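# A structural walkthrough
The primary structure of each chain is shown beneath.
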Amino acid sequence: MTTVAFIGLGHMGNPMAANLVKAGHTVHGFDLLPENLNVAQGNGVTIMANAEAAVAGADVVITMLPAGKHVLSVYESVAKSAKSGTLFIDSSTIDVDSARKAHEIAQANGLKSVDAPVSGGIGGAAAGTLTFMVGGSADAFATAEPILKPMAGRIVHCGEAGNGQAAKICNNMILGISMIGVSEAFTLAEKLGLSHQSLFDVASTSSGQCWSLTTYCPVPGPVPTSPANNDYKPGFAAALMLKDLKLSQEAAESVGAATPLGAHAKEIYERFGAEGHEASDFSGIINYLRDAKRQ
Ligand code: NAD
């Protein structure tokens, strides 16, 4: 079986690494936080003293880190420790420019690389049902696919270097905008005397149908599993939605794409976070939108 170095064993990285162990791989892990290393050890990951030691001797290196600067600094520090031809998979959500720089570092050191961000959250990471959006050469993708399988429900090759990150931020820009749209419709319905259930019954089978309504409904009741029924506990935290909306706006600016609703969604989530709701589920935005004085 393959030896995988896993760097970044947080909320997502730890359950992903556990699924690689369950699939029979040897996993060498490293994180800066001792408590995350303890969890990893309990899941069968062999803990290494630093990132360089984790990478030495590995066939595949997976990073699951907070942002582009962390990914680039890890790539720069470990690239020389890796065997020639080692596959680097970055599954963090980062900006497209940093993703492309990470590919350049890998290429300059004779390594294969893919950017492979995920959707599906902590639940998908634990269940091994994440969707991976992969950018990189056909050859690197072919090497990555069997490694990703134990962590994945779906794996999509999106094209060349950076295109996985491009797909991720475009998808999440749709999600942020659609959640605000669905929330606005429920707040309008409330004022018009239309019940949540009636709006749901119509819109979920009409042209207003979307994931933010039918899977993640922002009012309690119509979809019993949505975070609205659990006091808006995440789920997908508002801080992570804001991070992805910021990434989409940075990307839009760098290529000159007009995304006015994406820009407005980012501002709304910024104000929501500034009021102390960063840790709330992102569907809690409905409670913010209900207060018309803020708009
Ligand atoms: P997290 O903060 O729980 O985990 C990140 C880990 O990286 C931390 O344990 C941190 O100690 C470690 N780290 C930071 N710098 C390091 C370094 N130089 N060397 C080793 N370890 C280092 O975050 P998370 O929720 O696991 O998210 C990870 C990535 O996945 C982020 O890019 C996030 O946007 C993305 N993501 C998260 C979710 C989610 O629901 N949490 C969903 C999809 C994508």
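Residues numbered from 1 in each chain as written. Predicted model: local features only at pLDDT ≥ 70, side-chain atom pairs only at ≥ 80, totals over all residues.

### What to know about the UniProt feature "active site" (unreviewed entry) in the protein chain
Heads up, the rule is: UniProt positions are given in the numbering used here, feature names are shortened, and annotations may be inferred rather than shown by experiment. Here a strand is any run of E in DSSP of at least two residues, a helix any run of H or I of at least four, and the numbering for each starts at the N terminus. Comment: burial labels come from other C-beta atoms within 10 Å of the residue's own C-beta, placed from the backbone, where a count of 20 or more is buried, 12 or fewer is exposed, and between is partly exposed. It is the C-beta atoms, placed from the backbone, that decide contacts: two residues are in contact if theirs lie within 7 Å.
Under the UniProt annotation, "active site" (unreviewed entry) lies at Lys168. Mapped onto the elements of the fold, Lys168 is located in helix α8 (residues 163-192). Note on Lys168: 27 C-beta atoms within 10 Å, which makes it buried. Sequence-distant contacts of Lys168, that is, excluding residues within four places in its chain, are made with Thr93, Pro117, Ser119 and Met133.

### A short note on the site of the ligand
Counted only if it meets this: Nearness between a residue and a molecule or strand is assessed with a C-beta atom placed from the backbone; a distance within 6 Å qualifies. Under this grouping Gly is polar, as are all residues other than the nonpolar Ala, Val, Leu, Ile, Met, Phe, Trp, Tyr, Cys and Pro and the charged Asp, Glu, Lys and Arg. Each domain's extent was defined by an automatic or database domain assignment.
As a structural note, the neighbourhood of the ligand is formed by 26 residues, with Gly8, Gly10, His11, Met12 and Thr93 the closest of them. Taken together, the elements giving at least two residues each to the shell around the ligand come down to α4 (68-78), α6 (121-127) and α11 (238-255). Residues belonging to the shell around the ligand are distributed by class as follows: 15 nonpolar, 9 polar and 2 charged. Looking at the shell around the ligand, you find at least three residues from each of domain 1 (3-160) and domain 2 (166-294).

### Describing the domain arrangement of the protein chain
Domain boundaries assigned for the protein chain yield domain 1 (3-160) and domain 2 (166-294). Relative placement of domain 1 and domain 2: their C-alpha centres are 29 Å apart. In this assembly, 9 residues from domain 1 lie in contact with 10 residues from domain 2.

### Thoughts on the packing of α8 against helix α9 (residues 196-203)
For clarity, the threshold we go by: Each axis is a line fitted through C-alpha atoms, taken for helices only over the stretch in contact, and angles between the N-to-C directions span 0 to 180 degrees. When describing relative orientation, an angle under 35 degrees is termed roughly parallel and one over 145 degrees roughly antiparallel, while 65 to 115 degrees is termed roughly perpendicular and anything else oblique. In a left-handed crossing the near helix is turned counterclockwise from the far helix by less than a right angle, and in a right-handed crossing that turn is clockwise.
Where α8 meets α9, the closest approach of the two axes is 9 Å, and the angle between their N-to-C directions is 130°. Considering the angle they form, α8 stands oblique to α9. Where α8 crosses over α9, the handedness of that crossing is right-handed. Side by side, α8 and α9 meet where Ala185, Phe186 and Ala189 of the first sit next to His196, Leu199 and Ala203 of the second.

### So, the environment of Thr259
Inspection of the secondary structure puts Thr259 in the loop between α11 and α12 (260-277). Thr259 sits in the partly exposed class, given 18 other C-beta atoms within 10 Å. It is 32 Å that separates the C-alpha atoms of Thr259 and Ile62, two residues lying 197 residues apart in sequence. Excluding residues within four positions of it along the chain, Thr259 makes contact with Met173, Ser248, Gln249 and Ala252.

### Looking at α9
Because each turn of an α-helix spans 3.6 residues, side chains separated by three or four positions end up pointing in the same direction. The condition is simple: Relevant arc is that of directions from the helix axis to the C-beta atoms, nothing else.
Here α9 has its buried residues at Leu199, Phe200 and Ala203. Projected onto a plane normal to the axis of α9, the buried residues spread over an arc of 100° and lie on a single side. Seen from the open side of α9, the exposed residues pointing more than 90 degrees away from its buried face are Gln197, Ser198 and Asp201.

### Observations regarding the nonpolar core
We apply this condition: Put simply, a nonpolar core is a cluster of buried Ala, Val, Leu, Ile, Met, Phe, Trp, Tyr and Cys residues tied together by C-beta atoms within 7 Å.
In terms of nonpolar packing, the biggest core is built from 91 residues, with Ala144 and Ile285 touching the most fellow members. A total of 10 residues in this core trace back to one element, the largest contributor, which is α8. Residues lining this core come from more than one domain, with at least three contributed by each of domain 1 (3-160) and domain 2 (166-294). Not counting chain neighbours up to four residues away, the residues in contact with Ala144 comprise Leu87, Ile89, Val114, Ala116 and Val134.

### Details of α8
Short version of the rule: Given the number of residues in a helix, its expected span is that number minus one, multiplied by 1.5 Å.
An ideal rise of 1.5 Å per residue puts 44 Å on 30 residues; α8 measures up with 43 Å between its terminal C-alpha atoms. Immediately beyond the C-terminal end of α8, within one or two residues, lies Gly193, with a positive phi of roughly 80°.

### Details of the environment of Gly208
One can find Gly208 in the loop between α9 and α10 (211-214). On the basis of neighbour counts, which here come to 16 C-beta atoms within 10 Å, the residue Gly208 falls in the partly exposed class. Remark: the alpha-carbon pair of Gly208 and Asp291, spanning 83 residues in sequence, is separated by 23 Å. Ignoring anything within four residues of it in the chain, the contact list for Gly208 reads Ala185, Ala203 and Leu213.

### Considerations on the pairing of strand β5 (residues 87-90)
Filter applied, for reference: Between any two strands, at least two bridges found by DSSP are needed for them to pair. With strands facing away from the observer, any crossover in which the path from the first strand over the helix to the second runs clockwise is taken as right-handed.
Side chains Leu87 and Ile89 project from β5 onto one buried face, and the interleaved Phe88 and Asp90 project onto a second face that is buried too. By the bridge criterion, 4 bridges tie strand β4 (residues 60-63) to β5 in an arrangement that is parallel. Bridge pairing in β5 places Val60 opposite Leu87. Taking the sense of rotation as the criterion, the β-α-β connection linking β4, α4 and β5 turns out right-handed. Bridge count between β5 and strand β6 (residues 112-115): 4 bridges; the pairing is parallel. Within the sheet, the bridge partner assigned to Asp90 lies in β6 and is Asp115. Viewed along the sheet, the connection from β5 through helix α5 (residues 96-108) into β6 turns out right-handed.

### Some words on the pairing of strand β8 (residues 130-135)
When you tally the buried positions in β8, you get 5 out of 6 residues, the bulk of the element. As paired strands, strand β7 (residues 118-119) and β8 are joined by 2 bridges and run antiparallel to one another. Along β8, the bridge assignment pairs Ser119 with Thr131. Relative to strand β9 (residues 152-159), β8 runs parallel, the two being bridged by 6 bridges. Bridging across to β9, Phe132 finds its partner in Ile155. You can see the chain leave β8, run along helix α7 (residues 138-148) and come back into β9, and the turn it takes is right-handed.

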